[in-house]
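Fold and contact review
So you can see what is in the structure, the chains are spelled out below.
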Amino acid sequence: MSETSTDIERVLSAPGVKENKKFQLLPEEEGVAGLIQSIIDTGGRHKEDDDPFYVLNLTTIDELFAKWTRSLRGIRPFYAVKCNRNRSLLEAMASLGAGFDCGSRAEIESALSLGVPPEDIIYANPCKAESHIKYAASVGVNLTTVDSVDEIDKIKRRHPECRLVIRIKPPVDANAKWDLGLKYGALPGEVVPLLEAAKSAGLAVVGVSFHVGSEPTRMEAYRGAIAGAKAAFDAAEGLGMAKMTMLDIGGGFMARRQFDEAAEIIGSALTEHFADRPELTVIAEPGRFFAETPFTLATNIIGRRVRGELREYWINDGLFGSLNHKAYDKSTVFTATPLALSSDRQNPTCEGKETYVSTVFGPTLDSIDTVLTEHRLPELRAGDWLVFPNMGAYCASAATSFNGLASSDVCTYLAYAHSHSPVHAAENENGAK
Ligand SMILES: *Cc1c(COP(=O)(O)O)cnc(C)c1O
């Protein structure tokens, strides 16, 4: 683990991270239980505070960045802000050298407010409001994606300095959970008309982008999309336009599966189609890859009902809040770790305890707000906690405040796994190194 953690000091000293309290995540058996206990005890929460919270492990971001660089060397990530716009995550990504993929005026504003130069931002939304295009022009964000002739007209009117990236629809279906190709991306027959429209509008087309979809299962889609991009490069040259120099391979990367497979396919497809273009800059727009695994959500059990053998629990976050995936995709099964910090402090992780078939409900009065069904959990009580790992991608960013339960502003505590610096070790409340 430590071989990859070369830049953690850079992350820990980034503005927006440095001045915040950070908890040290101990590697031993205490693990998450110990961390969550120390946040509850010393996190500056008031005594009765049972609100849910996130823990952001900064070391995980650092390790993911190292993993990215090892497998996709030379491909700069432009982190997709929509996936999770937590300030410390954005600061950490900027400190490690990422650019940013922004989809709206507000997302551009958050990236710029970190001190990120406008050249490090791609406005990667193929259909933008004119007022947002005007804003991009006013702050010098001069790179955007398009997939329609009408969008080119808008950009010509509002931001003629803007350089264009043609977003194509990947020709090979990635069988993704979230198929963005249903909505975005020029079809093969639309590429030439787009290039011609840009040419006659006097706008520079600098490259091609695609997105194979979020949570893809067929990584060969990257190969097909890179071939499709090459065809668009050739078409531009066929029209006598300037050589394109940018290929944007989008998002869809997952830290927990098929990353090496995707990287290998991308590497071989780049060699096959772009080896003769040393001037080419390749970028990507990963969201989930960097945001998903560093975040853990801790929810408080606020109520219980016993019906025979069945245990029913209510927690204070749910489908209208951070656990919203399940509202879009019923097959989602969350991992939930019990922490009996109230009912059994001697054995909070409930090792060796009997389990019961349990239902876990979210806090709103809508019956769709059911987080887990037919799930085995030990006997828990109100005041105990349920902890959900890997909750950083499209969780907080898609939460609502339905029923007055504003889970969109759940507090995030910063943690890191280990550090060689005595300064950070001194901040550890447990006094353990
Ligand atoms: C959502 C989105 C991303 C991020 O996708 P992930 O699957 O989270 O990596 C990247 N680019 C664009 C244009 C997007 O809309």
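Residues numbered from 1 in each chain as written. Predicted model: local features only at pLDDT ≥ 70, side-chain atom pairs only at ≥ 80, totals over all residues. Heavy atoms only, no water.

Test applied: UniProt positions are given in the numbering used here, feature names are shortened, and annotations may be inferred rather than shown by experiment.
In the annotation of an unreviewed UniProt entry, the chain is listed under the name ornithine decarboxylase and assigned to Iris pallida. In UniProt, the chain has this text filed under Subunit (unreviewed entry): "Homodimer. Only the dimer is catalytically active, as the active sites are constructed of residues from both monomers." Per its UniProt entry, the chain bears the Sequence similarities (unreviewed entry) comment "Belongs to the Orn/Lys/Arg decarboxylase class-II family."

**With respect to the overall build of the chain**
Applicable threshold: Helix numbering and strand numbering both begin at the N terminus, where a helix is a DSSP run of H or I of at least 4 residues and a strand a DSSP run of E of at least 2. The reference for a compact globule is 2.2 Å times residues^0.38; the radius of gyration itself is calculated from the C-alpha atoms. Exposure categories follow from relative accessible area, calculated using a 1.4 Å probe and restricted to protein chains: below 20% of the type maximum is buried, above 50% is exposed, and the middle band is partly exposed. Note on definitions: a residue-residue contact is assigned when non-hydrogen atoms from the two residues lie within 4.5 Å. Accessibility throughout is a Shrake-Rupley quantity obtained with a 1.4 Å probe, and a residue counts as covered only by protein chains that appear here. Counting rule applied: Lys, Arg positive; Asp, Glu negative; His and chain ends not counted. Where a charge sits is defined by one atom per residue type, namely NZ (Lys), CZ (Arg), CG (Asp) or CD (Glu).
Counting secondary structure elements, the chain contains 13 helices and 17 strands. By the compact-globule yardstick of 22 Å for 433 residues, the chain fits well, its C-alpha radius of gyration being 23 Å. Principal-axis analysis of the C-alpha atoms gives the chain an extent of 75 × 50 × 40 Å. The 433 residues of the chain split such that 56% are buried. Expressed as a percentage of contacts within the chain between residues at least 6 apart in sequence, the contacts between residues at least 24 apart total 71%. In the structure as shown, the chain presents an accessible area of about 18,400 Å², 51% of it carried by carbon and sulfur atoms. Once the 45 positive and 58 negative side-chain charges of the chain are each reduced to a mean point, those two points are 3 Å apart.

**Considerations on the UniProt feature "domain: Orn/DAP/Arg decarboxylase 2 C-terminal" (unreviewed entry) in the chain**
Within the UniProt annotation, "domain: Orn/DAP/Arg decarboxylase 2 C-terminal" (unreviewed entry) is assigned to residues 293-392. A distance of 6 Å separates the end C-alpha atoms of residues 293-392, which is 4% helix and 42% strand.

**Concerning the domain arrangement of the chain**
Definition in use: Domain limits in this description derive from either an automatic procedure or a database domain assignment. Note on terms: buried area is the combined drop in 1.4 Å-probe accessible area of two parts once they are placed together, counting the loss on both.
As assigned here, the chain comprises domain 1 (19-57 + 294-416) and domain 2 (59-291). Look at where the C-alpha atoms of domain 1 and domain 2 centre, and you get two points 35 Å apart. The partner domain 2 presents 18 residues to the 16 residues of domain 1 that form the contact. For domain 1, the biggest contributors to the area lost against domain 2 are Asn57, Pro294 and Tyr394; these three give 35% of the whole.

**Remarks on the nonpolar core**
Quick reminder of the rule: Residues belong to one nonpolar core when they are buried, are Ala, Val, Leu, Ile, Met, Phe, Trp, Tyr or Cys, and are joined through side-chain atoms within 4.5 Å.
Counting 111 residues, the largest nonpolar core has Phe100, Ile249, Phe253 and Phe388 as the members making the most contacts within it. If one sorts the elements of this core by residue count, helix α9 (residues 220-238) sits on top with nine residues. Three or more residues apiece are contributed to this core by two domains, here domain 1 (19-57 + 294-416) and domain 2 (59-291). Residues contacting phenylalanine 253, with those up to four places away along its chain left out, are Trp68, Leu72, Tyr222, Phe259, Ala262, Ile266, Ala284, Pro286, Arg288 and Phe289. Core analysis: the next-biggest nonpolar cluster, separate from the first, contains 15 residues, Phe53, Val55, Ala298 and Leu341 among them.

**Some points on the site of the ligand**
As a reminder, the rule being used: We call a residue near a given molecule or strand whenever any one of its heavy atoms falls within 4 Å of it. Under this definition, polar contacts are N or O atom pairs within 3.5 Å; protein pairs additionally need one hydrogen-donor-capable and one acceptor-capable atom, and for neighbouring residues in sequence, both atoms have to be side-chain atoms. Classification convention: Asp, Glu, Lys, Arg as charged; Ala, Val, Leu, Ile, Met, Phe, Trp, Tyr, Cys, Pro as nonpolar; all other residues, Gly among them, as polar.
What surrounds the ligand is a group of 14 residues, the closest being Lys82, His211, Ser214, Glu285 and Tyr394. Contact between the ligand and aspartate 101: a nitrogen atom at 3.0 Å from a side-chain N or O atom of the residue. When the ligand is considered free in solution it has 390 Å² of accessible area, and contact with the protein chains removes 93% of it. Tallied by class, residues from the shell around the ligand come to four nonpolar, five polar and five charged.

**With respect to the environment of cysteine 411**
In this fold, cysteine 411 is placed in strand β17 (residues 411-416). Sequence-wise, cysteine 411 and tryptophan 178 are 233 residues apart; in three dimensions their C-alpha atoms are separated by 28 Å.

**Quick look at the confidence of the model for the chain**
The predicted coordinates ought not to be read in detail in places where the model reports low pLDDT. Here is the rule: Every residue carries a pLDDT, the predictor's confidence in it, which falls somewhere between 0 and 100.
Confidence along the chain averages 91 in pLDDT terms, with 93% of residues attaining 70 or more. In the predicted structure, residues 1-5 sits below a pLDDT of 50 and forms eleven contacts with residues beyond four places in sequence or in another chain. Residue range residues 420-433 is modelled with pLDDT below 50. Its contacts to residues more than four positions away, or to other chains, number 22 contacts.

**Side note on the pairing of strand β10 (residues 281-284)**
The criterion, for reference: A pair of strands is labelled paired if DSSP reports no fewer than 2 bridges between them.
Across two bridges, the pairing between strand β3 (residues 76-80) and β10 is parallel. In the sheet register, arginine 76 faces β10, and the bridge partner there is isoleucine 283. In the sheet, strand β9 (residues 246-248) pairs with β10 via three bridges, with the strands oriented parallel. When the sheet's bridge partners are listed, aspartate 248 is paired in β10 with isoleucine 283.

**Brief notes about the UniProt feature "domain: Orn/DAP/Arg decarboxylase 2 N-terminal" (unreviewed entry) in the chain**
UniProt marks residues 59-291 with the feature "domain: Orn/DAP/Arg decarboxylase 2 N-terminal" (unreviewed entry), using the numbering shown here. Taken end to end, residues 59-291 has its terminal C-alpha atoms 12 Å apart, with 45% of it in helix and 14% in strand.

**Section: the packing of aromatic side chains**
How we decide: The rule is short: rings of Phe, Tyr and Trp, with Trp giving its six-membered ring, pair when the centres are within 6.5 Å, and they are stacked under 30 degrees, edge-to-face over 60, tilted in between. A ring has a charge above it when a Lys NZ or an Arg CZ is no more than 6 Å from the ring centre and no more than 35 degrees off the ring normal.
Within this structure, the stated rule accounts for 17 aromatic pairs. One aromatic cluster in this structure is built from Phe65, Trp68, Tyr222, Phe253, Phe259, Phe289 and Phe290. The ring centre of tyrosine 123 lies 5.6 Å from the NZ or CZ of lysine 128, which sits over that ring. In this arrangement the basic side chain of arginine 311 is found over the ring face of tyrosine 356, its NZ or CZ atom lying 4.2 Å from the centre.

**Details of the packing of α9 against helix α10 (residues 259-274)**
Convention followed: Axis lines are fitted through C-alpha atoms, for helices just across the contact stretch, and the angle between N-to-C directions can take any value from 0 to 180 degrees. Any angle from 65 to 115 degrees is called roughly perpendicular, while one under 35 is roughly parallel, one over 145 is roughly antiparallel, and all others are oblique. Helix crossings get a hand from a simple test, with the near helix turned counterclockwise from the far one by less than a right angle marking a left-handed crossing and a clockwise turn marking a right-handed one.
It is at 8 Å that the axes of α9 and α10 come closest, and there the two elements cross at 25 degrees. Between α9 and α10, the angle falls in the class roughly parallel. In this structure, α9 meets α10 at a crossing whose hand is right-handed. In this structure, α9 uses Glu220, Tyr222, Arg223, Ile226, Ala227, Ala229, Lys230 and Phe233 to contact α10, whose residues at the interface are Ala262, Ile265, Ile266, Ser268, Ala269, Leu270, Glu272, His273 and Phe274. Its residues assigned to classes, the contact of α9 with α10 shows eleven nonpolar, two polar and four charged.

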